[in-house]
Amino acid sequence: MIWETVRLSLISIRRNVLRSFLTLLGIVIGVAAVIAMLTIGSGTTEKVKADISKLGSNLLVVRSGRPAGPGGPGGLDQVVRPLAEKDLAALVAHLSGARAISPASQKQVRVIFGTESLTSGITGTDSAYLDARDWKLVSGRPFSDSETRSGTGVCLVGETVRQQFFGAGDPEGEIIRVNRTSCKIIGLLEPKGYTGFGQDQDNVVLMPLAAYQRRIAGNRDIDNIYIAADERTPTTELQPRVEDILRDTRRITPDRDDDFSIRDMTQIADAMASATTTMTGMLGAVAGVSLLVGGIGIMNIMLVSVTERTREIGIRLAIGAHEKHILIQFLVEATVLSLLGGIIGILIGLALAGIASVALTIPFAPSPAVILLAVGFSALIGMVFGFFPALRGARLDPIDALRHE
Amino acid sequence: MPGPVLISFDKVWKTYGQGEARVHALAGVDLAIRKGEFVAIMGPSGSGKSTAMNIIGCLDTPTAGTYSFEGIDAGRLDRNRRALLRNLYVGFVFQGYNLLPRTTAAENVELPLIYRGVARSERHKLAMQALAEVGLVGREHHTPAELSGGQQQRVAIARAIVTRPTLLVADEPTGNLDTARTHEIMELLTRLNGELGLTIAMVTHEADVAAYAERTIRFLDGHVASDTASLEVA
């Protein structure tokens, strides 16, 4: 009986292909919008998470200046006291729960090899940096302790630097000019791609901090200290310890605010991911409104259909159709119609999301739950908005209905 | 050889409208039709014959009085129970055929069986049998638009008899047909009446059509004006 009714409704949808299609359009657009939004949104969330984990997971970054917010950092009224060797030494000596602690000072500098040149991010650091950032070497070796201490002119380069100067060739042992100094390449970093903010993470040159300070920065400052938490210590626990140690070594009295900031990359990752999720949800909800409009379209066309087929309803009632048979027939028809729209909408939505994921270089992340929900929701819309017209058809008086022209 | 009483009207009234606009379509009609009878119902428009036919076919209920069908007080049943009664016992043939458009002859004939919950293969078999009985073998896949008026009415008759009803209600079944087709249809109805013992109640306003029936009931102003054996009329 139900199968028969479904077949019947397919026949009646086919009889009015253009009208059925126009009716479906509302649902198709609504579902496609919801699916595309949610799929692109969850792809973006994944991308953001992945990007931030590329910055380093369980990572705290200490820099000088007050935490971000009103008045800071780098306000005009503020003299920024840079981080120094003794801050790093205090952390290394007293901080528990850290896997790696590493200083890093950075600057954009022109790098030259032969006739080629490239503006690259030069980082002065030590041998713990790779561990702190969770970076790996494709070839070569990290700085030795003696190289770090003495500030030897050695460096590790990223993939972009290699390609610019050596193509696919091996850069090891080559000497590049960095600003007014030169350094010998001793290793190649694993490629990491771009961050979500469009920054090329492979356009980097790492050199020992002492060499950087002496030959490039011309001072003894440390811009950042990277602290990677060990497996047992959450960054939220590590952060107050770091704060205590630094307040102590920097002699900050309790009545004054920190003159440094500690950024928790894990929290930033979570915050950004949840912001993206919220955004996705809102866009999805807006798209959901168009589903409602689609539902009203279905109701409208079902009312037209019931009126048009009054005589048919009369015939069916006369030959013994129960009220519920008529009700079910039109309900099934509305449901099949909107379900059809839902399925077409899902396909279009996934296609749009697929195109977007290629264009925006985000992962294509269709969610089976969202798709199932869309199917269920479009069927529900058909039932809800089809119910009133169907009831109207079922309640017709067979005598009047048979007389209807 | 009429059988036991199938249909009986006991002081049946049907009133439409209120106050000044009040109209008595039926004004205390008493009537009985026995099983196996072939009855023609005649009368000018507004005489109450259509109202009587709607009540006989369990499409409508009396305002007052009792209508019984097979001993069931059909006038007191709700619309869904009357739908069931129609499905089980009554077949309908209309002047305008009333076939579902763009639906094949076989599918049209199967329709009442669907509402009975008959399985698909059984339905098809019964439909083919009914189509054979009305002389439409080979036309089962034609849609109404591809059939002549006479053929469409045959499909409608097949649809009416496929459930093996007790009663066939025919509302001017030949009203849209030419003389030759009219006689073919009337011969078919007469044959079904004779062979299947089908009780037939038929509204017509043509005396030569009414002549096929054994009995003619004439309505006038909501009353039965005459109730005679057809031969005397013809």
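As a convention, each chain's residues are numbered from 1 in the sequence order in which they are written. Whichever chain is written first is A, and whichever ligand is written first is 1; the rest continue in order. The model is predicted, so local features are restricted to residues of pLDDT at least 70 and side-chain atom pairs to those at 80 or more, both for listing and for counting; the totals for chains, interfaces and linings are taken over all residues. As a rule here, side-chain values come from all non-hydrogen atoms in the structure, and water together with hydrogens is ignored.

A. Region of the structure containing the overall build of chain A. Counting its regular elements, chain A contains 13 helices and 10 strands. Here the C-alpha radius of gyration of chain A, 33 Å, is well above what a compact globule of 405 residues would show, namely 22 Å. Expressed along its principal axes, the backbone C-alpha trace of chain A runs to roughly 105 × 55 × 40 Å. Note on exposure labels: buried denotes an accessible area under 20% of the residue type's maximum, exposed denotes more than 50%, and partly exposed covers the range between, all computed with a 1.4 Å probe on protein chains only. Looking at chain A residue by residue over its 405 residues, the buried ones come to 48%. If you take every contact in chain A between residues at least 6 apart in sequence, the share linking residues at least 24 apart comes to 77%. Where accessible areas are quoted, they stem from the Shrake-Rupley method and a 1.4 Å probe; at the residue level, only the protein chains shown are allowed to cover. Surface accessibility of chain A: about 19200 Å² in total, with carbon and sulfur atoms responsible for 62%. Only DSSP runs of H or I covering at least 4 residues are called helices, and only runs of E covering at least 2 are called strands; the numbering of each starts at the N terminus. Two things to know: the radius of gyration comes from C-alpha atoms, and the globule rule equals 2.2 Å times the number of residues to the power 0.38. We call two residues in contact when some of their heavy atoms are within 4.5 Å.

B. Molecular detail of the side chain of Thr 233 of chain A. Residues and elements named next belong to chain A. With respect to the helices and strands, Thr 233 occurs in the loop between strand E9 (224-229) and helix H8 (235-249). By relative accessible area, Thr 233 is classed as buried at 9%. Pairs of N or O atoms within 3.5 Å make up the polar contacts considered here, provided that, within protein, one atom can donate a hydrogen while the other can accept it, and that residues adjacent in sequence are counted only when both atoms are side-chain atoms. At 2.6 Å, the side chain of Thr 233 and the side chain of Asp 230 are in polar contact. Not counting residues within four places of it along the chain, the set of residues in contact with Thr 233 comprises Gly 97, Leu 238 and Arg 241.

C. Spatial organisation of the state of the cysteines. All names here are of chain A. Two cysteine sulfurs form what is called a disulfide whenever their separation falls within 2.5 Å. Using the criterion set out here, one finds 1 disulfide over all chains in the structure. A sulfur-sulfur separation of 2.4 Å characterises the disulfide bridge that pairs Cys 155 with Cys 183. Torsion about the S-S bond of the Cys 155 and Cys 183 cystine: about 75 degrees, corresponding to right-handed handedness. Here Cys 183 lies in strand E7 (residues 181-189) and Cys 155 lies in strand E5 (residues 154-157), a separation of 28 residues in the sequence.

D. Seen up close, the UniProt feature "domain: ABC3 transporter permease C-terminal" (unreviewed entry) in chain A. UniProt positions are given in the numbering used here, feature names are shortened, and annotations may be inferred rather than shown by experiment. The sites that carry the UniProt feature "domain: ABC3 transporter permease C-terminal" (unreviewed entry) are, in the present numbering, residues 285-398 of chain A. From the first C-alpha to the last, residues 285-398 of chain A spans 43 Å; its make-up is 86% helix and 0% strand.

E. The arrangement of the UniProt feature "transmembrane region" (unreviewed entry) in chain A in detail. Residue and element names in this part refer to chain A. In the UniProt entry, the feature "transmembrane region" (unreviewed entry) is given for residues 21-40, 282-306, 327-356 and 368-388. Secondary structure across residues 327-356 divides into 100% helix and 0% strand, with the first and last C-alpha atoms of the span separated by 42 Å. The span residues 368-388 shows a helical share of 100% and a strand share of 0%, and its end C-alpha atoms are spaced 31 Å apart.

F. Representation of the interface of chain A and chain B within the structure. Taken residue by residue, the interface counts 26 residues in chain A and 24 residues in chain B. Summed over both partners, buried area is the accessible surface (1.4 Å probe) that two parts give up on being assembled. When the two sides are added together, the surface that chain A and chain B hide from each other amounts to roughly 2300 Å², 53% of it contributed by carbon and sulfur. With a closest N to O distance of 2.6 Å, Glu 323 of chain A and Arg 79 of chain B form a salt bridge. Applying the counting rule to chain A against chain B returns 11 residue pairs in polar contact (both at pLDDT 80 or more). Of all the secondary structure elements, the ones that give two or more residues to the side of chain A that touches chain B are helix H1 (2-15), helix H10 (310-318), helix H11 (323-359) and helix H13 (398-403) of chain A. Looking at the side of chain A that touches chain B, the element that brings in the most residues is H10 of chain A, giving 6 residues. By definition, a salt bridge exists where a carboxyl oxygen of Asp or Glu is found within 4 Å of a side-chain nitrogen of Lys or Arg.

G. Main features of the packing of aromatic side chains. To pair, rings of Phe, Tyr and Trp, with the six-membered ring standing in for Trp, must have centres within 6.5 Å; the planes then decide the type, stacked if under 30 degrees apart, edge-to-face if over 60, and tilted in the middle. Tallied over the full model, the rule gives 8 aromatic pairs over all chains. With 6.1 Å between their ring centres and 75 degrees between their planes, Phe 165 of chain A and Phe 166 of chain A make a pair best called edge-to-face. With relative accessibility at 15%, the residue Phe 166 of chain A sits in the buried group. Centroid distance Phe 92 of chain B to Phe 94 of chain B: 5.9 Å. Interplanar angle 5 degrees. Geometry classified as stacked. Accessibility expressed as a relative area gives 9% for Phe 94 of chain B, which makes it buried. In textbook terms, an aromatic cluster arises when at least three aromatic residues are bridged by ring pairs, as seen for Phe 113, Phe 165 and Phe 166 of chain A.

H. Just the sheet that holds strand E4 (residues 64-69) of chain B, in detail. All names here are of chain B. Pairing between two strands is assigned when DSSP locates at least 2 bridges connecting them. Ordered by their spatial adjacency, 4 strands build an open sheet running E2-E1-E4-E5, and the pairing between neighbours is antiparallel. Because the sheet does not close on itself, it has two edges, and the strands there are strand E2 (23-34) and strand E5 (72-73). Summarising the sheet, E4 and E5 pair through 2 bridges and their orientation is antiparallel. Looking at E5, one finds that Ser 68 is bridged to Asp 73. Along the sheet, helix H1 (residues 49-56) makes contact with strand E1 (5-16), E2 and E4, crossing E1 at roughly 125 degrees. What counts as an axis is a line fitted to C-alpha atoms, over the stretch in contact for a helix, and the angles between N-to-C directions run from 0 to 180 degrees.

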